[in-house]
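So you can see what is in the structure, the chains are spelled out below.
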Amino acid sequence: MFGLEKPAGQQKPGRSGGLPKMASVGDFNVLSSSIPATKVELSVSCRNLLDRDTFSKSDPICVLYTQAIGNKEWREFGRTEVIDNTLNPDFVRKFIIDYFFEERENLRFDFYDVDSKSPNLSKHDFLGQMFCTLGEIVGSQGSRLEKPIVGIPGKKCGTVIVTAEELGCCRDSVLMQFCANKLDKKDFFGKSDPFLVFHRSNEDGSFTICHKTEVVKNTLNPVWQAFKISVRALCNGDYDRTIKIEVYDWDRDGSHDFIGEFTTSYRELSRGQSQFNVYEVINPKKKGRKKKYVNSGTVTLLSFLIETEVSFLDYIKGGTQINFTVAIDFTASNGNPSQPTSLHYMNPYQLNAYGMALRAVGEIIQDYDSDKMFPALGFGARLPPDGRVSHEFALNGNPQNPYCHGIDGVMEAYYRSLKSVQLYGPTNFAPVINHVARYAASVKDGSQYFVLLIITDGVISDMAQTKESIVNASKLPMSIIIVGVGPAEFDAMEELDGDVVRISSRGRFAERDIVQFVPFRDYIDRSGNHVLSMARLAKDVLAEIPEQFLSYMRVRGIKPSPAPPPYTPPIHVLQTQI
């Protein structure tokens, strides 16, 4: 996993053999086998560690732990090398970890003073630890996080600096074109109608489909159109991973006939057009039956062009901030908040559906917002003192400054509002969408992107105005997430989502798809594990944000700002801590 060796003279002899290499964090993602957004390399440095050795300085090692989703158990992910005799180590061995924007990836860095060759950590002196999320690291300025080391009461344990660097192979795309010769004839009255299906292999030996070409009609010598695919989707950045390509004859009824298959790898394909990239198409059943069987035709790579694309993390590293706004439905259909049947019921022992949706999404997005100040709005309530109905009111009661500090501040303001406003109606979305759009319209230079989370129990009253607002907002740096809570039918929301039919208003179509809708009930974990419910919800509603973000930047031709210069550690005067 770690390709870097320590410079000679720094590593204790015989140490590395006893330190295990751990599996990738992706191995125990219980939710899915989705491909990570990218891989990042984490570098660790410490300053002013505790000194545990009597006659010399500590000999530190860093151990990284990760947490599976919906599970509190920490698993060891990997270890750095040991550096002798220093309180200010810059570890050379890196941690390479899968990064998903839509997941909260909890990390724990433990530090030990190594006293022997034993791989058993309990045999060494504990120097402290640091907890953070991967999002916190990449969301920090220059993707560099500095935090105090804690864990030993009454002692100053020093600081740790973790920097994240996106691995280059993950941002490459490939433009490829294939042709075939003398494929088997599968149609009785004509030739075959061939198409190719590409699969990448997984760690467990299974295959996942990653691309289908178009069908070329009535030919045994097809030339398919060039197509573009990310290296990540093709082989997850592993150049030697098997890629299986199947050849089929298309049939109208969907029962496509298998012509044959062959395997290759990214490394082989990257040689481009050559004798190495002419493949025999083999049908294993035919091969087993016919002694004189040679092949079912050949497939040839005609061209192979690598393109490097800018990524979501390039913008984050360059300083783009993600601004998060929440809007909560205070209409009467939610039920009386003092009754347990209400969707707004304030249960002292667990979060209601509104609280769960808010925390699930907010705790991930807050890592990308440097000031952690979030506007929190409500709609569909009668406000004190005069009982006027509002579709855009500040949860904290301050219309001039609707900002709350952190997700905890938003939760507090939400609970306070429930006690002071009267649930009413109707359910109008357009005012809160226009509220965020006004801010987004004032910064179109790529320095900020806005995400609006609307949590609602149902049937929308201002459909025409909401569609108009979404079509207008699709030109702006913003995305809208709608979470439906409760048992209502959410057909209108599916229309707003625009995944099947692009949303339009008065003949104008949305420039981009910016709405993601999910019903919360689909994510309730049957075993009552709310942590898992929230992780699943966040994963689905946030998965589209990086692509929506990039689509805005691409359409506007906005390039990422250069990242701040790399951090160079100051030269410390070495001092021994007691």
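Parameters at a glance
Residues numbered from 1 in each chain as written. Predicted model: local features only at pLDDT ≥ 70, side-chain atom pairs only at ≥ 80, totals over all residues. Heavy atoms only, no water. Helix = DSSP H or I, 4+ residues; strand = E, 2+ residues; numbered from the N terminus. Buried < 20%, exposed > 50% of the residue type's maximum accessible area, 1.4 Å probe, protein only. Lys, Arg positive; Asp, Glu negative; His and termini not counted. Charge placed at Lys NZ, Arg CZ, Asp CG, Glu CD. Pairing = 2+ DSSP bridges. Axes fitted to C-alpha atoms, helices over the stretch in contact; angles between N-to-C directions. Core = buried A, V, L, I, M, F, W, Y, C linked by side-chain atoms within 4.5 Å. Domains from an automatic or database assignment. Contact = heavy atoms within 4.5 Å. Parallel < 35°, antiparallel > 145°, perpendicular 65-115°, else oblique. Left-handed = near helix turned anticlockwise from the far one by under 90°. Nonpolar A, V, L, I, M, F, W, Y, C, P; charged D, E, K, R; others polar. Salt bridge = Lys/Arg side-chain N within 4 Å of Asp/Glu carboxyl O. 1 Å grid on protein atoms, 1.4 Å probe; cavity = no way out; pocket = protein on both sides within 12 Å on 5 of 7 lines; lining within 4 Å. Points joined across faces, edges and corners; volume = space filled by probe spheres on them.

## Concerning the overall build of the protein chain
Here is step 1 of the chain: For the protein chain, the count of helices and strands is 12 helices and 28 strands.
Here is step 2 of the chain: When the backbone C-alpha atoms are referred to their principal axes, the protein chain occupies close to 90 × 80 × 45 Å.
Here is step 3 of the chain: Here the protein chain, with 578 residues, has 54% of them falling under the buried criterion.
Here is step 4 of the chain: Here the protein chain contributes 65 positive and 69 negative side-chain charges, whose respective centroids are spaced 3 Å apart.

## Structural notes on the sheet that holds strand 10 (residues 194–201)
Here is step 1 of the chain: An order of 11-10-13-14 is seen for the four strands of this open sheet, with the pairing classed as antiparallel. The outermost strands of the open sheet, each flanked by one partner alone, are strand 11 (207–212) and strand 14 (257–265). Strand-to-strand twist of the sheet, defined as the mean angle between neighbouring strand axes without regard to direction, takes the value 30°.
Here is step 2 of the chain: Here strand 13 (residues 242–249) pairs with strand 14 via eight bridges, running antiparallel. Among the inter-strand pairings, Val247 is bridged to a residue of strand 14, identified as Gly260.

## Considering the sheet that holds strand 7 (residues 144–148)
Here is step 1 of the chain: Taken in spatial order, the four strands line up as 4-1-8-7 in an open sheet, and their pairing is antiparallel. The open sheet terminates on both sides in strands that have one partner only, identified here as strand 4 (95–99) and strand 7. The sheet shows a mean angle of 30° between the axes of neighbouring strands, taken without regard to direction.
Here is step 2 of the chain: Bridge analysis of strand 7 against strand 8 (residues 159–166) gives five bridges, and the strand direction is antiparallel. Bridge pairing in strand 8 links Pro148 to Thr159.

## Overview of the pairing of strand 25 (residues 478–484)
Here is step 1 of the chain: The buried count for strand 25 comes to seven of seven residues, which makes it a mostly enclosed element.
Here is step 2 of the chain: What you see with strand 25 is no split at all: Met478, Ile480, Ile482 and Gly484 on one side and Ser479, Ile481 and Val483 on the other are buried throughout.
Here is step 3 of the chain: Bridge count for strand 24 (residues 448–456) against strand 25 is seven bridges, and the pairing is parallel. When the sheet's bridge partners are listed, Ile454 is paired in strand 25 with Ile482.

## A few points about the nonpolar core
Here is step 1 of the chain: Counting residues in hydrophobic clusters, the biggest one holds 88 residues, and the most contacted among them are Leu42, Phe109, Phe111, Ile137, Phe330, Val483 and Leu542.
Here is step 2 of the chain: Among the elements that take part in this core, helix 6 (residues 353–365) stands out by supplying nine residues, more than any other.
Here is step 3 of the chain: Among the domains, domain 1 (38–166) and domain 3 (321–556) are the pair contributing at least three residues each to this core.
Here is step 4 of the chain: The contacts of Phe111, once residues within four sequence positions are left out, are Val44, Cys46, Ile61, Cys62, Phe91, Asp125, Phe126, Leu127, Gly128, Gln129, Ile149 and Val160.
Here is step 5 of the chain: Membership of the second largest hydrophobic core comes to 31 residues, among which are Val174, Leu234, Ile243 and Tyr266.

## With respect to the packing of helix 8 (residues 430–442) against helix 9 (residues 463–473)
Here is step 1 of the chain: At a minimum axis distance of 9 Å, the contact between helix 8 and helix 9 shows a crossing angle of 15°. Classified by the angle their axes make, helix 8 and helix 9 are roughly parallel. Note on packing geometry: the crossing formed by helix 8 with helix 9 is left-handed. Residues Ala430, Ile433 and Asn434 of helix 8 lie in contact with helix 9, whose contacting residues are Gln465, Thr466, Ser469 and Ile470.
Here is step 2 of the chain: Taken together, the residues of the contact of helix 8 with helix 9 break down into three nonpolar, four polar and no charged.

## Remarks on the domain arrangement of the protein chain
Here is step 1 of the chain: On domain assignment, one finds that the protein chain holds domain 1 (38–166), domain 2 (172–308) and domain 3 (321–556).
Here is step 2 of the chain: Averaged C-alpha coordinates put domain 2 and domain 3 at centres separated by 44 Å.

## Looking at the side chain of Asp457
Here is step 1 of the chain: Inspection of the secondary structure assignment puts Asp457 in the loop between strand 24 and helix 9.
Here is step 2 of the chain: It turns out Asp457 is buried and unbridged, and the closest side chain with the opposite charge, Arg521, is 10 Å from it.
Here is step 3 of the chain: Contacts of Asp457, omitting those with residues within four sequence positions, involve Asp329, Thr331, Ser333, Asn334, Leu343, Tyr354, Val485, Ala488 and Phe490.

## A few points about empty space enclosed by the protein
Here is step 1 of the chain: A full pass over the atoms with the stated rule returns four cavities of 30 Å³ or more.
Here is step 2 of the chain: Roughly 50 Å³ of internal volume is contained in the second largest cavity.
Here is step 3 of the chain: Taken together, Tyr99, Phe100, Phe101, Glu103, Arg104, Glu105, Thr133, Gly135, Ile364, Asp367 and Tyr368 make up the lining of the second largest cavity.
Here is step 4 of the chain: Among the residues making up the lining of the second largest cavity, the classes are represented as five nonpolar, two polar and four charged.
Here is step 5 of the chain: Counting the residues that make up the lining of the second largest cavity, at least three belong to each of domain 1 (38–166) and domain 3 (321–556).

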